[in-house]
Amino acid sequence: MKNVNRIIIWPCLMLLLTLMFFITPTWAAKYELTRNSVENAKDVDAKDISLFRVKLGDSEANAVESLVEQKLSGVRAEQEGAFILLWDKENPTGAMAGVRITDGKVDLIFINNRFAHKVRGVFRHVLGASTMKEIRDLLGQEDFPNETLMGAKMLYEKQGFLVNFLDRQVNVEFCLGCADLFSGF
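None of the values given here were measured: they were computed from a predicted structure.

This part takes up helix α4 (residues 132-139). Those residues of α4 that sit buried are Met 132, Ile 135, Arg 136 and Leu 139. Each buried residue of α4 sits inside an arc of 100 degrees when the element is viewed along its axis, so together they form one side. Residues of α4 that are exposed and angled more than 90 degrees away from the buried face: Lys 133 and Asp 137. Tucked inside the fold, the buried residues of α4 contact α3 (122-127), β8 (144-147), β9 (152-156), β10 (161-166) and β11 (169-174). Two residues or fewer past α4, Gly 140 is found with a positive phi of approximately 90 degrees.

Encoded structure:
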């Protein structure tokens, strides 16, 4: 019996522990905008972003179920055309976040500064930023800057998001390969 433990059980346990060591970091890499406090901008990748459990590439049915049919605390959700818009029940002056659905799949997630009180991590600071310099300090230098007198579009193409800054109004759009998102550059 002792030989069985040494030959079979211990190597299996060691293999299991080794696998758990390597698998755990991949689970931790996911970034739920309203739950996980990812503070390092280099850890953010659009393919790992989710908004109330809706990720880029999810089906329309999943997005409707998670955003519209679920009761989200303090949030009113509406489906309008290709968008599912999320409104703050306390201050419904405009949509604070949402998703765009194209060809039956979620292809864009957006948040703006009205959503700052719900988002966690680095994007809470980005949405509260009052200057482009603050955003660059948080996220690093963008891949393609597009500044005008009115504001800026800051494209972080490698990570899959765009920050629109217009005099204290901040909007972040997450997308993977959206031609319309990157067309202004």
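Having seen it, we continue.
Counted by the stated rule, this structure contains 6 aromatic pairs. Between Phe 52 and Phe 115, the ring centres sit 6.4 Å apart and the planes meet at 80 degrees, which makes this aromatic pair edge-to-face. Here Phe 52 is found in the loop between β2 (49-51) and β3 (54-55), whereas its partner Phe 115 is found in the loop between β7 (105-112) and α3, with 63 residues between them in sequence. By relative accessible area, which is 0% here, Phe 115 ends up buried. For the ring pair Tyr 156 and Phe 161, a centre distance of 5.1 Å and an interplane angle of 25 degrees mean the geometry is stacked. Since its relative accessible area comes to 1%, Tyr 156 is described here as buried. Taken together, Tyr 31, Phe 123, Tyr 156, Phe 161 and Phe 174 form an aromatic cluster joined through their ring pairs.

Conventions we followed
Residues numbered from 1 in each chain as written. Predicted model: local features only at pLDDT ≥ 70, side-chain atom pairs only at ≥ 80, totals over all residues. Heavy atoms only, no water. Buried < 20%, exposed > 50% of the residue type's maximum accessible area, 1.4 Å probe, protein only. Helix = DSSP H or I, 4+ residues; strand = E, 2+ residues; numbered from the N terminus. Arc of directions from axis to C-beta. Contact = heavy atoms within 4.5 Å. Phe/Tyr/Trp six-rings, centres within 6.5 Å; stacked < 30°, edge-to-face > 60°.

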